[in-house]
Amino acid sequence: MTQFVDLAAPSATGRRAGTRGSVFVWANVVVLGWLAVAVGLLAGHDLLGLPAWVALHALLLGAVTNAIVIWSEHFVVALCRVPGPSPRRLALGLSVLNVFVVTALVGVVADVVVLSGAGGAGVTVIATIHTVHLLRTKRAAVLGRFGYLIGFYAAASAALAGGAVLGAGLAAGAGHWYVRLWAAHVHLTLLGWVGLSVLGTLFTLWPTTTGTRITERTVTAARRALPTLGAGLILVTGGVLAAQVWVTAAGLLCYAAGTAIAIVALLPTDTPRGPAAWMLAASTAWLGVAVLLDAGRLIVAGSIDALPDIVTTIMPVLAAGFTAQVLVGALTQLLPVVLGRGPAEHKAIAAVLERGAVPRIVAANVAVPLVALGLPRPVPEIGWAVAAICLASFVTLALRVALPVALRGGLTGQPAGEHSRGTTTGVLVGLIVVVLTVSFATGGRDGTESSTSGDARTIEVVLTGMRVQPDTVEVPAGTRLVLRVTNQEAMPHDLRLDSGERTPRLSRGETALLDVGPVHADRQAWCAVAGHRAAGMTMAIRVHGGHQHTPEDPGNGRESGPGLNLAADPAPGWTPRDATLPPATGTLHKADLRVTEREVEVAPGRRERRWVFNGSAPGPALRGRVGDQFEITLINEAELGHGIDFHAGALAPDQPMRTIAPGERLVYRFTATRAGAWLYHCSTMPMSQHIANGMYGAVIIDPPGLPAVDREYLLVSSQLYLGEPGSDGQVSKIGDGEPDGWTFNGMAAQYDHAPLTAHGNERVRIWVVNAGPGDTTAFHVVGAQFDTVYREGAWLLRPTETAGGAQVLDLAPAQGGFVELTFPEPGHYPFVDHDMRHAENGAHGTFTVTAPQ
């Protein structure tokens, strides 16, 4: 059985075409309006100081979402012969949808969590309502052979709801879940909402564009494709959220198989006729290419954390090759149906839309590899420009034919009556709200506006090397100053004025405009990321002919507060750091280092927030032998960028020691080629702050032939700086080398309260690593002598070689070694850093030695 499709079939309710037509016309004008906004943002986002993804969201969340909602409703009503919503309800729903879309975009751009959350929640509600409506329709009606459409659209709407929830979560702050939520959000939105809607429609629309009949084979393929695509999407989402590479890759391959079912089912039809068919064919092919690239690169990378880089590569394929092209192709085929009043007008409108179609199609598909292959600049910029020109030319032609039809009142060419006027007005008001709100969101960022207070001036500001360049700007009094701020390094930065205005947090290569306004007095600006201001990321704005003063800055002084009370008792529930060092086992050492921010006890009864590895300072001790391999996965679950540097490994620092953003991870592999007591620490600048705030640990590589002993302990010495991590007062103390105390294993005097133990006849080895960040250590055990000293990879003293002894293991910052001794008799033996300033301010503990056994 075969069947031709009438896409303009009236609804089952028998309403006049003009009544529903006015809503459909204006809804498609909204779609075209969003396309125009997307083109404008793509061309001008840099000038406006907006991130590039805003243009992509205008395309996906604005144009594509409106098109899917209006056309899915139309196809279900027309082909499945079921009642549709009233024009007023349809217009209201579309208007509310667009208000929520704009709210979400403005909230994210302006960094207003309430707006972004409300917008995402609103889109979720609309998508859920749409899904429920479609499912009720499916249960309540005899759907016939086109019932598969409702299944595709309902699944797509459910994916949009899920994607919107994840998007709102991202805007609110996702912590270490950011990469997973972001990747799941992208896949649900593109492959779910857009992909399922497009592929479901394609089974009906493709035969229409080629002038062929819909066969049973096509309908059967559609019914088989949906479960395959849906299962793939579920696996992808679950795999990403669970960080399971092979589950995610299997889901992508399953989705690719569903896409292949659709393509194979439609292959036997005639050669594409006209530009719409060619665009639909090309866009479907690009979808398949993108999904296969996604799966292949993920398998090769072997980590979910590689998805941001992978998606960055395939996003141009999905945006320019698939989404924009399929939307233009569908509108080229469908707009004549909505706008025309008969066959003659259909052909006339189609002729307008198809002007220049061949060069547009060729250019649009040539642009895809230009923007996706990672070619050197300016090739990607040229590709995006070509894609934007192609899209803009179609939007211009479509508005040229759509606006006159919309303004004359619908398909009939006459006013459609009070009911139709109300619905048309509703959609028109919704479109005006869209345009005005987007204009408001992007307005005020333009640094070229004039000011009645003086001349406008735009200054280029670069954030790089932990500095603001230039660090001083001089302007005449009354000048309206705009700062164009660009971050040129991997670490995220922002710029904040003393009056509170600030840029968003900028990643590498991102730019934002900061409108200072008319300047009548000296001003200050700085990076508000914790510790960056104190590290030197500041800017002074000075005026000529105005008041020469700087606003008060209460954050510059040293932090006040109680000092250390080493005689106090530890907090209830306190557990001392176990200083016991287990022996080395195995030859391959794998470990996860999770960076978090948490409160730890830094002195008896004194808890402060610190940046730590695996919940403690120092981080976990690692141990191996010469020739062993280490595979350490750094997982950043904190709020700032961090890195890692293992002194025990010898390798180029470019990649393994790079700073990773919150939610990211990297794998650091090295082979232990030399013995020693090695330091590891955060590699992010300024390192002094990161080390001083707990981001350090030790790697012990045994010297060949190291004899066994009865007990081994590891002590990591460090300076203690009280205060909020990265605060001006704390950083000032770090810079001046004026710590509040000194510690062994991260807490002052902890081994006074939990002494280390030994028996009188036991041989004890004590490893010591000095984490610094700026003081030496002179490790000494009161009442005992060392007969073995090993420092920085060299034996300085061995009992088999000399009768001499040692009293101190002296270590500069980042140095390490060990000493060995046997306690002469039972008793209590204090151990200290013999720089008495250090010992008297926390760098001391006790060995409790009992009778020999």
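Given the structure is predicted, the values throughout are model-derived calculations rather than measurements. (Residues numbered from 1 in each chain as written. Predicted model: local features only at pLDDT ≥ 70, side-chain atom pairs only at ≥ 80, totals over all residues. Heavy atoms only, no water.)

Participant: Whenever I open this one, the overall build of the chain confuses me. Can you help?
Facilitator: Across its full length, the chain carries 18 helices and 29 strands. Expressed as a percentage of its 853 residues, the buried residues of the chain come to 55%. Summarising the internal contacts of the chain: among those between residues at least 6 apart in sequence, 76% fall at separations of at least 24. Put simply, the chain shows about 33800 Å² of open surface, and 59% of that area lies on carbon and sulfur atoms. (Helix = DSSP H or I, 4+ residues; strand = E, 2+ residues; numbered from the N terminus. Buried < 20%, exposed > 50% of the residue type's maximum accessible area, 1.4 Å probe, protein only. Contact = heavy atoms within 4.5 Å. Areas by Shrake-Rupley, 256 points an atom, 1.4 Å probe, with all protein chains shown as cover.)

Participant: How should the sheet that holds strand 29 (residues 844-850) be read in this particular structure?
Facilitator: Strand pairing in a sheet relies on backbone hydrogen bonds, with the paired strands running either antiparallel or parallel. Reading across the sheet, the 5 strands line up as 21-29-28-23-26 and stay open at both edges, with mixed pairing between neighbours. At either end of the open sheet lies a strand with only one pairing partner, and these are strand 21 (756-759) and strand 26 (809-811). Looking at each pair of strands side by side, their axes are set apart by 20° on average, direction ignored. Of the strand pairs in this sheet, strand 23 (residues 777-781) and strand 26 are connected by 3 bridges, and their pairing is antiparallel. Looking at strand 26, one finds that Phe779 is bridged to Leu809. (Pairing = 2+ DSSP bridges. Axes fitted to C-alpha atoms, helices over the stretch in contact; angles between N-to-C directions.)

Participant: Sorry, what's going on with helix 7 (residues 216-241) here?
Facilitator: For an α-helix the count is 3.6 residues per turn, leaving residues at separations of three or four pointing the same way. A rise of 1.5 Å per residue sets the reference length of helix 7, with its 26 residues, at 38 Å; its end C-alpha atoms lie 38 Å apart and thus fit the reference within 8%. Directly beyond the C-terminal end of helix 7, a positive phi value near 60° is found at Ala243. (Expected span 1.5 Å × (residues − 1).)

Participant: In this structure, what is going on with the packing of helix 9 (residues 274-301) against helix 12 (residues 357-372)? I would like to understand it.
Facilitator: When two helices pack together, their arrangement is captured by the angle between the axes and the distance separating the axes. Where helix 9 meets helix 12, the axes come as close as 10 Å, and the angle between the chain directions of the two elements is 10°. Between helix 9 and helix 12, the angle is such that the two are roughly parallel. Contacts between helix 9 and helix 12 involve Pro275, Trp278, Met279, Ala282 and Trp286 from the former and Ala357, Ile361, Asn365, Val368 and Pro369 from the latter. (Parallel < 35°, antiparallel > 145°, perpendicular 65-115°, else oblique.)

Participant: How should I be thinking about the side chain of Thr332 in this particular structure?
Facilitator: Looking at the element boundaries, Thr332 is found in helix 10 (residues 307-339). A polar contact is formed between the side chain of Thr332 and the backbone oxygen of Val328, at a distance of 2.7 Å. Among residues more than four places away in sequence, those in contact with Thr332 are Pro275, Ala276, Met279, Leu353, Glu354 and Phe394. (Polar contact = N/O pair within 3.5 Å; in protein donor to acceptor, adjacent residues only side chain to side chain.)

Participant: For this particular structure, what's the right way to read the sheet that holds strand 5 (residues 472-476)?
Facilitator: An order of 5-10-9-7 is seen for the 4 strands of this open sheet, with the pairing classed as mixed. Every other strand in the sheet has two partners, leaving strand 5 and strand 7 (496-497) as the edge strands with one partner each. Summarising the sheet, strand 9 (residues 523-526) and strand 10 (residues 538-544) pair through 4 bridges and their orientation is antiparallel. Residue Trp526 lies in a different strand from strand 10, and its bridge partner there is Thr538.

Participant: I keep staring at a nonpolar patch on the surface and nothing clicks. Help me out?
Facilitator: There is a patch of nonpolar side chains on the surface, built from Trp246, Leu253, Leu292 and Ile299 and spanning about 420 Å² of accessible area. Within the residue set of the nonpolar patch, elements represented by two or more residues are helix 8 (245-266) and helix 9. (Patch = residues over 30% accessible without salt bridge, like charges linked within 9 Å, V, L, I, M, F, W, Y side chains within 5 Å. Salt bridge = Lys/Arg side-chain N within 4 Å of Asp/Glu carboxyl O.)

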